[in-house]
Amino acid sequence: MSAVVVVGAQWGDEGKGKVIDFLSEQADVVVRHQGGNNAGHTVVVNDQEFKLHLVPSGILYPDTLCVIANGVVIDPKVLLEELAYLNNRGVDTRRLRISSKAHVVMPYHAKLDAVNEDRRGDQKIGTTLRGIGPAYMDKAARVGIRIGDLLHPEEFRERLARVLEEKNHILSRAYGVEPFAFDDLYTTFLDYGQALKPYVADTAIIINDAIDRGERVLFEGAQGTMLDIDHGTYPFVTSSHPSAGGASIGAGVGPTKIDRVYGVAKAYTTRVGDGPFPTELTDAVGDDIRERGHEYGTTTGRARRVGWLDAVVLRHAVRINGLSGLAVTRLDVLDGLKELKIATAYEYEGRPLTEFPDSAWVFRDAQPVYETLPGWDESIGTIRRLEDLPTNAKNYLKRIEAVVGVPVVLVSVGRERSSTIPLRELF
Ligand code: IMP
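Conventions used here
- Residues numbered from 1 in each chain as written.
- Predicted model: local features only at pLDDT ≥ 70, side-chain atom pairs only at ≥ 80, totals over all residues.
- Heavy atoms only, no water.
- Near = heavy atom within 4 Å.
- Polar contact = N/O pair within 3.5 Å; in protein donor to acceptor, adjacent residues only side chain to side chain.
- Areas by Shrake-Rupley, 256 points an atom, 1.4 Å probe, with all protein chains shown as cover.
- Helix = DSSP H or I, 4+ residues; strand = E, 2+ residues; numbered from the N terminus.
- Buried < 20%, exposed > 50% of the residue type's maximum accessible area, 1.4 Å probe, protein only.
- Axes fitted to C-alpha atoms, helices over the stretch in contact; angles between N-to-C directions.
- Parallel < 35°, antiparallel > 145°, perpendicular 65-115°, else oblique.
- Left-handed = near helix turned anticlockwise from the far one by under 90°.
- Contact = heavy atoms within 4.5 Å.
- Nonpolar A, V, L, I, M, F, W, Y, C, P; charged D, E, K, R; others polar.
- Salt bridge = Lys/Arg side-chain N within 4 Å of Asp/Glu carboxyl O.
- Expected span 1.5 Å × (residues − 1).
- Arc of directions from axis to C-beta.
- Domains from an automatic or database assignment.
- Buried area = accessible area lost by both parts, 1.4 Å probe.
- Pairing = 2+ DSSP bridges.

### Topic: the site of the ligand
Inference 1: Taken together, 16 residues form the shell around the ligand, and within it D13, N38, T128, T238 and R302 come nearest.
Inference 2: Contact between the ligand and Q223: a nitrogen atom at 3.2 Å from a side-chain N or O atom of the residue.
Inference 3: In the environment of the ligand, an oxygen atom lies 2.6 Å from a nitrogen or oxygen atom belonging to the side chain of T238.
Inference 4: Computed on the free molecule, the ligand has an accessible area of 470 Å², of which 96% lies beneath the protein chains in the complex.

### Remarks on unusual backbone geometry
Inference 1: Residue Y234 is joined to P235 through a cis peptide bond whose omega torsion reads 10°.
Inference 2: Mapped onto the elements of the fold, P235 is located in the loop between β10 (217-220) and α8 (245-251).
Inference 3: Notably, D47 is not glycine yet its phi reads approximately 70°, a positive angle.
Inference 4: For D47, a relative accessible area of 70% corresponds to the exposed category.
Inference 5: We note that H294 has phi near 45°; this positive angle belongs to a residue other than glycine.
Inference 6: When you line up the elements, H294 lands in the loop between α9 (284-292) and β13 (305-307).
Inference 7: Residue classification places H294 among the exposed residues on the basis of a relative accessible area of 55%.

### Comments concerning the packing of helix α2 (residues 76-88) against helix α6 (residues 182-196)
A pair of packed helices can be characterised by two numbers: the angle between their axes and the separation between those axes.
Inference 1: Where α2 meets α6, the axes come as close as 10 Å, and the angle between the chain directions of the two elements is 40°. As far as their axial angle goes, α6 and α2 are oblique. As for the relative orientation of α2 and α6, their crossing is left-handed in sense. Every residue of α6 that contacts α2 at P76, K77, L79, L80 and L83 is listed here: F189, Y192, A195 and L196.
Inference 2: Looking at side-chain class alone, the contact of α2 with α6 contains eight nonpolar, no polar and one charged residues.

### Observations concerning the pattern of salt bridges
Pairing between side chains becomes possible if they bear opposite charge and their charged atoms approach one another.
Inference 1: Overall, the coordinates contain 28 salt bridges when judged by the stated rule.
Inference 2: We note a salt bridge from E49 to K51, for which the minimum N-O separation is 3.7 Å.

### Here's the deal with the environment of L218
Inference 1: Relative to the helices and strands, L218 resides in strand β10.
Inference 2: Considering only alpha carbons, one finds L218 and I20, 198 residues apart in sequence, at a separation of 8.1 Å.
Inference 3: Those residues in contact with L218, other than ones at most four positions away along the chain, are V4, V6, I20, L23, S24, A27, V29, V30, V31 and F427.

### Focus on α2
Inference 1: The terminal C-alpha atoms of α2 lie 18 Å apart, and with 13 residues this matches the ideal 18 Å at 1.5 Å per residue to within 8%.
Inference 2: Of all the positions in α2, only P76, L79, E82, L83 and L86 are classed as buried. Looking down the long axis of α2, one finds its buried residues gathered within 125° of arc, a one-sided arrangement.
Inference 3: A side-chain oxygen of the first residue of α2 lies 3.1 Å from the backbone nitrogen of K77; this N-cap is D75.
Inference 4: G90 sits one or two positions beyond α2 and adopts a positive phi of about 85°.

### A closer look at the domain arrangement of the chain
Inference 1: Looking at the assigned domains, one finds that the chain contains domain 1 (3-92 + 202-422) and domain 2 (103-199).
Inference 2: For domain 1 and domain 2, the distance between their C-alpha centroids amounts to 29 Å.
Inference 3: The interface of domain 1 with domain 2 comprises 27 residues on the first partner and 22 residues on the second.
Inference 4: Taken together, the two surfaces of domain 1 and domain 2 that pack against each other cover about 1,900 Å², and 62% of this comes from carbon and sulfur.

### Description of the sheet that holds strand β7 (residues 96-99)
Inference 1: Read from one edge of the open sheet, 10 strands run β9-β7-β5-β2-β10-β1-β11-β15-β19-β20, paired in mixed fashion. Unpaired on one side and paired on the other, β9 (200-201) and β20 (420-422) mark the two borders of the sheet.
Inference 2: Where β7 meets β9, two bridges bridge the pair, whose relative direction is parallel. Bridge pairing in β9 places I98 opposite V200.

Structural data, given as structure tokens:
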């Protein structure tokens, strides 16, 4: 196997950082291909915690080539700060490559994100306010600025002048917000371009060549399937394709070159931001899981909404991504719960629904149909072999496999790299 995609199977924050870090050890190249600094990965190495938003966590291994590919939207200030943070902690970042075709998140994008959310009132999406949606809007509207543009002062001047006129018009006329000064933006972003220049490359060539040489290439998805702009819970989604197909477009790699796709799912469900969530727990059990699991966003610090595992969502993720298997994370967070529930279907207007509905209002009003399983008393955080897990934990995993329809290929029982139980060869 040489090309493996890892995606979130729920609403993001599934613990992909941990799983990707584990797989990165065997990878020659690790690629980010969608999203931006709306994502946040926490990786713990030898008790040291690293929080990353844009740079693939593969950077923490000394020989891994890391790529931020064309499908990502990059806030250069955030990226440069992240590189400085890594360098200060002794991490060599010279093995990073950035696509010249990746779009730039500009300050007016963050501003538009904020005023758009404000205007939506109680219909707000609950975005991370990082300007991600407006940056992808400009990409689709063909007025975006790309990383490569920052290296060409004349072309950049022309593109920025044109787009800024329009943005300033909207910001000042529609929202009464202070416009951005051209000169400030122009010089600041030219400087960012110079600082990033050593990293900029045609990354599709680098990635395809690596695959052709038989190297192990890992595509690390950000966010999750349910936040996919096409296949997620629209309109409460992000503006990119966190599902597996996004790796192909977002990195310039044909689908025939991808060998396997793994989905990462928590042993329960969380969601940040607004939108329907049928298995949400608004009671003491939910609060308890949130506290034990430290369920607060890496990027925004927001408290995550918590709920039981939703197998309808996971079956949808299996289908949309063509999952080869599931990595189940945070099983240890469920230690000590008397009973666990899995939603195996929904009920809508008195009728059973076994598949994820294709309309937002059906999903909004769907009621979960639960199966209840016994929990376990033991603390499982130090267990390193499947056979040593309590019987009820093994049964919970078996039941997940049965109701979701793909094998569980890895189980995570803690934050450390070492607290991982791989169940098969993943590459
Ligand atoms: P945006 O990506 O900032 O536009 O936010 C759109 C939706 O995606 C909101 O519900 C966010 O909370 C959610 N979201 C974006 N990035 C992440 C992530 O990395 N993890 C979890 N949710 C995310």
